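Inside the fold
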Amino acid sequence: MNEGHSAFMALERIRVFMDEAGLSFAEALQVAQASQMFTTHTPVPAGIDLFPPEKVLHYLGHYQQHFSVGDEEFLALGRTDTGDFSAPFSMAVLAIKTATFINGVSKLHAEVSRDMFSHLWSGLPLGEVPVHAITNGVHARSCVAKSTQALYDRYLGPNWSQANPGAALWERVHTIPDDELWRNHEQCRSHLVVVVRERLAKSLTERGGSARELTEAQECLDPFVLTVGFARRFATYKRATLFLHDLERIRKLINGDGHGRRVQFVIAGKAHPKDIPGKELIRSIIHFTRDEGLSRSIVFVPNYDIHVSRDMVAGCDVWLNNPRRPREASGTSGMKAAMNGLPNLSVLDGWWDEADYIRTGWPIGHGEDYDDPDYQDDVEANALYDILEKEIVPLFYERDKDEIPRGWVAKMKQAIYLNTPQFNTARMVKDYANHGYFAASDRAQTLISQHYGPGRELAVWQSRLTDRWYDIRFEEIAISAAADLRVNQPVKVVACIQLGAITPDDVQVELYQGTGGRGWRNSHWLCHTHDLPGPRCHGQKLLRY
Ligand SMILES: *Cc1c(COP(=O)(O)O)cnc(C)c1O
């Protein structure tokens, strides 16, 4: 299930198992769940679909009838607090409750998701909330420019696009001659300039622009100037206008530092039709650049689509991303740019937080979280200008006698060498297979084997366990530790647990050390049942360690 929107499919799969195999609702749920996985993409609670209970019962009542369950049991599938009868029905909760593997789309996003969904596992330390991380990737052959692919094919061999991180062929990136990589990149930049001018002219002609505007469009951008690219959806959290924060500093960058070392910006993106503030951002970029006379050097490319995106990630020099951390669950355009040899300049959010952001680009900030958005904009815009002025511009314009920026090309090679194998769909699909699909497939095969016998058994066991769980009592916990406890000194812990009607084979006991609440993140389980010495008092249905 890719995002919560898709989670109604769980209901349909349960129905199919009931109809085709004659399973009860509880049995069908186990079987369906065994083979379902959920990938979440939304790092903010407000982004998750919630529906009023009446609406859910109205539109999905036929499923409820089919399942022969009451209103509350049906609605519990989408509720965190199943005792709150007015609570809305959450699509993410439905997906989580009907999946056996859950993942976020970057390491940071998985961490944020564990926190966001932790109330579904109250009592579990945050680090143990079962949301895994499978970082997104992009399809190399679809996002690297054709001429650059030919270059990689020639120097790395044709398997580079799917080769694992660490494969020997990646070492050959360093054998690509600097001048060849650089000339190829300069051609990509020239091509981008042509494409942008054409797009602008076409859009102006369609809108009946003046002859002067048309001439201006055809003269915008300079194919030899350091080009910063920014292209993505215009959601407000991505802060497309952050680079315009300080007019004086942006003017200085654009006009150069007196040595002709100028910077230009190519911006593209679409806002969702209902996203009024997002559309306002686009208008403000266009108006600002026109009013300030900067429209030759700050160009908004109209009609953003995959073709513009391809030309931009190949033809810009630096890829900019400045979302409000941690709102960018992964982000993928920066990966596309990196595969084309572009260093990234980005806030430490999504994929960039786990990339080698020193060798393959520049981090904006150090992964801070802010409470005051205005203050955050101030700090991060200034960091952005500082890096551009002090690091990016000097490195880009430092040329040797052959007019090649050796330091810059070295950084391009690092971006290709480190990021192409890592942030690649080939790696991503392997991760999904190894961590999710194979295990889910085995589980499902087991449960449906022998005419669904194991699936039925699992449902019975689960319901027995649930019914009797609250009979469990901790009768005594004794910890014998010396007052002046030293490192490596054994500590004896004795716990007497009354299991009631549950058998010792049904449970696993774990010894946990650490504080509760938020501090649980930094604590760890000391040992599990199988590590623990001591007698097991099966006969008395009492566990003793
Ligand atoms: C890659 C791509 C995106 C997604 O970019 P993000 O960095 O993930 O926001 C959006 N639109 C197009 C056309 C793309 O190619």
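A few words on the site of the ligand. Taken together, the residues surrounding the ligand are Arg232, Lys238, Tyr304, Asp305, Ile306, Ser309, Gly331, Thr332, Ser333 and Lys336. Contact distances for the ligand include 2.8 Å between an oxygen atom and a side-chain N or O atom of serine 309. Residue lysine 336 places a side-chain N or O atom 2.6 Å away from an oxygen atom belonging to the ligand. For the ligand, whose free accessible area comes to 390 Å², the fraction covered by protein is 76%. Listed by contribution, the elements that provide at least two residues to the shell around the ligand are α13 (306–315) and α14 (333–339). Of the residues belonging to the shell around the ligand, the class tally is two nonpolar, four polar and four charged.

Between helix α8 (residues 146–156) and helix α9 (residues 178–206), the shortest axis-to-axis distance is 10 Å and the interhelical angle comes to 165°. For the element pair α8 / α9, the angle class is roughly antiparallel. For the element pair α8 and α9, the recorded crossing hand is left-handed. Judged by residue contacts, Ser147, Thr148, Leu151, Arg154 and Tyr155 of α8 engage Glu180, Leu181, Asn184 and Cys188 from α9. By residue class, the composition of the contact of α8 with α9 is four nonpolar, three polar and two charged.

Residue position: leucine 192 is located in helix α9. Leucine 192 sits in the buried class, given a relative accessible area of 1%. Along the chain, leucine 192 and phenylalanine 117 lie 75 residues apart, while their C-alpha atoms are 43 Å from each other. Excluding residues within four positions of it along the chain, leucine 192 makes contact with Val266, Asp311, Met312, Gly315 and Cys316.

Conventions and cut-offs
- Throughout this document, residue positions are counted from 1 along each chain, in the order its sequence is written.
- Only residues with pLDDT of at least 70 get local features here, since the model is predicted, and only at 80 or more are side-chain atom pairs given and counted; chain-wide, interface and lining totals rely on the full set of residues.
- Water and hydrogen atoms play no part in the side-chain values, which are based on all heavy atoms of the structure.
- Only a single heavy atom is needed: when it lies within 4 Å of a molecule or strand, its residue is near that molecule or strand.
- Counting of polar contacts relies on pairs of N or O atoms within 3.5 Å, with two restrictions inside protein: one atom must be capable of donating a hydrogen and the other of accepting it, and residues adjacent in sequence are counted only when both atoms are side-chain atoms.
- Values of accessible area rely on a 1.4 Å probe in the Shrake-Rupley scheme; residue burial ignores everything except the protein chains shown.
- Per the convention used, a helix needs a DSSP run of H or I reaching at least four residues, while a strand needs a run of E reaching at least two, with both numbered from the N terminus.
- Throughout, the ten residues Ala, Val, Leu, Ile, Met, Phe, Trp, Tyr, Cys and Pro are labelled nonpolar, Asp, Glu, Lys and Arg are labelled charged, and all others, Gly among them, are labelled polar.
- Note on definitions: angles span 0 to 180 degrees between N-to-C directions of axes, and those axes are lines fitted to C-alpha atoms, for helices only across the stretch in contact.
- Here the word oblique covers every angle except those under 35 degrees (roughly parallel), over 145 (roughly antiparallel) and from 65 to 115 (roughly perpendicular).
- By convention, the crossing between two helices is left-handed when the near helix turns anticlockwise from the far helix through less than a right angle, and right-handed when the turn is clockwise.
- The contact definition used throughout considers only heavy atoms, calling two residues in contact when any of these lie within 4.5 Å.
- Remark: exposure states derive from per-residue accessible area (1.4 Å probe, protein chains only) relative to the maximum for the residue type, with buried under 20%, exposed over 50%, and partly exposed in between.

The values are spatial; any link to function lies outside them.
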